[in-house]
Amino acid sequence: MTTRILSALLPQDQPAAVAEAVKLLQEGAVVALPTETVYGLAADALNAEAALKIFEAKERPRFDPLIVHLPSDDWLSRVANVPEGSREMVQRLTERFWPGPLTLVLPRREEVPDVVTAGLETVAVRVSAHPVFREVVRTFGKPLAAPSANRFGNVSPTTAEHVRAELGGRIELIIDGGATTHGVESTIVSVAGERLSVLRPGPIAVEDLSEVGKVEVASSGAKIQAPGQLPSHYAPRTPLVLTRDLRSFSVQRDVRTGALSWTDDKLRGFWSLRTLSPAGDLREAAANLFRYLRELDAAGLDLIIAEEVPDEGLGAAIMDRLRRAAAKR
Ligand code: TXA
Ligand code: MG
């Protein structure tokens, strides 16, 4: 299968790109689309056969459920059963953070096929804020299941080219909406009564959620509720280790070592160097993270040394991805 990339970068190119994506989705095919977090591989969420194609293209294990992207907030009650005791909390969350990078895990409704929820009694839902994604899902008129558009276990794509590198030859169409804004996947929160539990840190920080309700962060020792919590997710192929301070790291002579620094872009002695944000801006760092991991991974290195970033706000999401990348053997 040849993979076409259609540009939706210019406003005048968008209608044709959107129309083509919607046509394929209506035929039950998968299409890669930009979101504000990372690129997603979308299919009709209410069509089990279509959703199954996502698992095939990604080589994703069937036990790993998909996120359902809604055309609008009012679709929530059609895919999820929001319990009485959570209603107010869910309303506060959706009013504040939707459309945007927040995924809510709630009791599912029967309409959502088992393949989408991987047989769980819950469904993960969000409303994307990306203009192209929004236009596609609204025109399609039904929810779209869309995990990140990478092969299972790999780093999520933040550009159309990354998607081609991951899924080229396996899917018909990629819509190019440019580099994604946030660069890390949405924050996943499960809601039980008034209690919020962060299953995956992301662009909506714990600090932001705390303004809405009481938040607990699922500890790494806890039972896995989201396979995104598997330690080895989001990993480059090159071994990666984390360090507090790159300046105190001494490169071994025979080990081709690349560095991913937090702010220092003048470091010497490494085979290659990428700097997340010379200005020390966590937003910029998150937006660069996966692209730099990919570039370092392609540089023929024996080892990547990544420097820790401040573990607060958006930094918690970056550190989560770096720790997982470091956990891969
Ligand atoms: O930003 C994002 O969330 C991107 C864009 C494309 O929307 N999507 C994304 O999807 O990151 P994916 O499949 O790569 O990650 C979704 C995570 C997985 O770790 C999955 O296990 C978890 O969501 N998940 C899905 N349904 C769940 C459920 N019912 N309960 C707990 N976790 C769930
Ligand atoms: Mg993923």
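Criteria and cut-off values
Residues numbered from 1 in each chain as written. Chains lettered and ligands numbered in written order. Predicted model: local features only at pLDDT ≥ 70, side-chain atom pairs only at ≥ 80, totals over all residues. Heavy atoms only, no water. Pairing = 2+ DSSP bridges. Helix = DSSP H or I, 4+ residues; strand = E, 2+ residues; numbered from the N terminus. Contact = heavy atoms within 4.5 Å. Axes fitted to C-alpha atoms, helices over the stretch in contact; angles between N-to-C directions. Phe/Tyr/Trp six-rings, centres within 6.5 Å; stacked < 30°, edge-to-face > 60°. Buried < 20%, exposed > 50% of the residue type's maximum accessible area, 1.4 Å probe, protein only. Lys NZ or Arg CZ within 6 Å of the ring centre and 35° of its normal. 1 Å grid on protein atoms, 1.4 Å probe; cavity = no way out; pocket = protein on both sides within 12 Å on 5 of 7 lines; lining within 4 Å. Points joined across faces, edges and corners; volume = space filled by probe spheres on them. Nonpolar A, V, L, I, M, F, W, Y, C, P; charged D, E, K, R; others polar. Polar contact = N/O pair within 3.5 Å; in protein donor to acceptor, adjacent residues only side chain to side chain. Salt bridge = Lys/Arg side-chain N within 4 Å of Asp/Glu carboxyl O. pLDDT = per-residue confidence, 0-100.

**A look at the sheet that holds strand 2 (residues 31-33)**
Right, on to step 1. Read across the open sheet, the eleven strands follow the order 1-8-2-3-7-4-6-5-9-10-11; overall the sheet is mixed. Two strands lie at the open edges of the sheet, namely strand 1 (4-7) and strand 11 (215-217), each paired on one side alone.
Right, on to step 2. Looking at chain direction, strand 3 (residues 40-44) and strand 7 (residues 144-145) are connected through two bridges and run antiparallel. Each residue of the ladder has a partner; that of A43, found in strand 7, is A145.
Right, on to step 3. Packed onto the sheet, helix 4 (residues 87-97) meets strand 5 (102-107), strand 9 (187-192) and strand 10 (195-200) and runs at close to 155° relative to strand 5.
Right, on to step 4. Lying over the sheet, helix 7 (residues 160-167) contacts strand 1, strand 2, strand 3 and strand 8 (173-176), oriented at roughly 160° with respect to strand 8.

**So, the packing of aromatic side chains**
What characterises a pair of aromatic rings is the spacing of the ring centres plus the angle enclosed by the ring planes.
Right, on to step 1. One pass over the full model with this rule turns up one aromatic pair.
Right, on to step 2. Ring geometry for F249 against F270: centres 6.4 Å apart, planes inclined by 25°, an arrangement best described as stacked. On the criterion of sequence distance, the pair formed by F249 in the loop between strand 12 (240-243) and strand 13 (257-261) and F270 in the loop between strand 13 and strand 14 (272-275) is long-range, its members being 21 residues apart.
Right, on to step 3. Taking relative accessible area as the criterion, F249 reaches 27% and is therefore assigned partly exposed.
Right, on to step 4. Directly above the aromatic system of W75 lies the positively charged group of R78, at a separation of 3.8 Å from the ring centroid.
Right, on to step 5. Its guanidinium or amino end placed over the ring of W271, R256 lies 4.8 Å from that ring's centre, counting from NZ or CZ.

**A short note on the pairing of strand 5**
Right, on to step 1. Judged by how many residues are buried, strand 5 sits mostly within the fold: five of six residues are covered.
Right, on to step 2. Sheet analysis places strand 5 next to strand 9, joined by four bridges and oriented parallel. Its bridge partner lying in strand 9, V105 is registered against S190.
Right, on to step 3. Judged from the four bridges that link them, strand 5 and strand 6 (residues 122-126) form a sheet pairing that is antiparallel. The partner of L106 across the bridge, within strand 6, is V123.

**Describing empty space enclosed by the protein**
Right, on to step 1. Taken as a whole, this structure holds one cavity of 30 Å³ or more when the rule is applied.
Right, on to step 2. Taken as a whole, the largest cavity holds about 40 Å³ of empty space.
Right, on to step 3. Around the largest cavity sit T187, V198, P201, G202, I204, A205, V206, E207, G313, A316 and A317, which together line it.
Right, on to step 4. Looking at the lining of the largest cavity, the elements with two or more residues in it are helix 8 (206-210) and helix 10 (314-327).
Right, on to step 5. Of the residues that constitute the lining of the largest cavity, the class distribution is seven nonpolar, three polar and one charged.

**Description of the environment of N288**
Right, on to step 1. As for its position among the elements, N288 is in helix 9 (residues 282-297).
Right, on to step 2. Each C-alpha atom, one on N288 and one on T181, is 9.6 Å from the other, the two residues being 107 residues apart in sequence.
Right, on to step 3. Setting aside residues no more than four positions away along its own chain, N288 makes contact with T275 and L276.
Right, on to step 4. Of note is the side chain of N288, whose polar atom sits 3.0 Å from the side chain of R291.

**Some thoughts on the side chain of R126**
Right, on to step 1. Note on placement: R126 falls in strand 6.
Right, on to step 2. Among the polar contacts listed, one links the side chain of R126 to the side chain of T37, at a separation of 3.3 Å.

**Considering the pattern of salt bridges**
Right, on to step 1. Summed over the entire model, instances satisfying the criterion amount to 25 salt bridges.
Right, on to step 2. R108 is paired through a salt bridge with D114; the nearest N and O atoms lie 2.9 Å apart.
Right, on to step 3. Between E216 and R195 there is a salt bridge, and its shortest N-O distance comes to 3.4 Å. In this pair, E216 is assigned in strand 11 and R195 in strand 10, connecting sequence segments 21 residues apart.
Right, on to step 4. Look at R195 and you get partly exposed, because its relative accessible area is 47%.
Right, on to step 5. In this structure, a network of salt bridges that share partners links the residues E185, D320, R321 and R324.

**Notes on helix 2 (residues 48-58)**
Right, on to step 1. Within helix 2, the full set of buried residues consists of A50, A51, I54, F55, A57 and K58.
Right, on to step 2. In this fold, the buried residues of helix 2 make contact with strand 3, helix 5 (114-117), strand 7 and helix 7.
Right, on to step 3. Capping the start of helix 2, N47 holds a side-chain oxygen 3.0 Å from the backbone nitrogen of E49, two or three residues further along.

**Points about the confidence of the model for the protein chain**
Right, on to step 1. Scored by pLDDT, the protein chain comes out at a mean of 94, with 95% of its residues at no less than 70.
Right, on to step 2. Per-element averaging of pLDDT across the protein chain places strand 11 at the bottom with 90 and strand 2 at the top with 99.

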